[in-house]
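Listed below are the residues making up each chain.
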Amino acid sequence: QVQLVESGGGLVQPGGSLRLSCAASGSISNIVAMGWYRQAPGKERELVASITSGGSINYADSAKGRFTISRENAKNTVSLNLQMNGLKPEDTAVYYCVAVVKVLSTRDYWGQGTQVTVSS
């Protein structure tokens, strides 16, 4: 199993920046990919950015040029970060960290979510 704990959300003005972090612990050696999703009120959950264990990165069109995903590996933990610049009101959502774990089969583990509100 993998445990995920997110941090870094909050209230920011349009044009501002936030950095989200997700600390992963547990069976981290079996993680094949991690990513950030978000869900705004009344909308479906959508992918923001993802990174594989091999370092391949994918961004949603809405995140390209503004957001940067990164991953830091330590002995017993993995930290997934999302640097968000140039925030817009439409970026307001609950942001979730996800880890894709593969042993015999693949399973997704989700964090509890962190609220990001972009408003003046």
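Details of the structure are given in the entry above.
Being a predicted model, the structure only gives us computed values, none of them experimental.

Draft legend 1. Examining the pattern of salt bridges more closely. One pass over the structure, following the stated rule, counts four salt bridges. Between Arg-38 and Asp-91 there is a salt bridge, with the nearest N and O atoms lying 2.9 Å from each other. One end of the pair, Arg-38, is in strand E4 (residues 31-39); the other, Asp-91, is in the loop between strand E8 (77-84) and strand E9 (93-102), and 53 residues separate them in sequence. With a relative accessible area of 6%, Arg-38 lands in the buried category.

Draft legend 2. Examining the pairing of E8 more closely. For strand E3 (residues 18-26) and E8, the ladder comprises eight bridges, and the chain directions are antiparallel. Bridge pairing links Leu-20 to Leu-82 in E8. Relative to E8, strand E7 (residues 67-73) runs antiparallel, the two sharing seven bridges. By the bridge assignment, Ser-70 is partnered in E8 with Asn-81. Taking the residues that link successive antiparallel strands as the turn, the E7-E8 hairpin has three residues.

Each value, and the rule that gives it
Each chain has its residues counted from 1, running along the sequence as written. With pLDDT at 70 or above as the cut-off, local features in this predicted model cover only qualifying residues; side-chain atom pairs require 80 or more to be listed or tallied, and sums for whole chains, interfaces and linings still use all residues. Excluded from the side-chain calculation are hydrogens and water; included are all heavy atoms of the structure. By definition here, a salt bridge exists when the distance from a side-chain nitrogen of Lys or Arg to a carboxyl oxygen of Asp or Glu is within 4 Å. By definition, any uninterrupted DSSP run of H or I lasting at least four residues is a helix, any uninterrupted run of E lasting at least two residues is a strand, and each is numbered from the N terminus. Here the term buried applies to any residue with accessible area under 20% of the maximum for its type, exposed to any over 50%, and partly exposed to those in between, with areas from a 1.4 Å probe on protein chains only. The rule for pairing is simple: two strands pair if DSSP sees at least two bridges between them.

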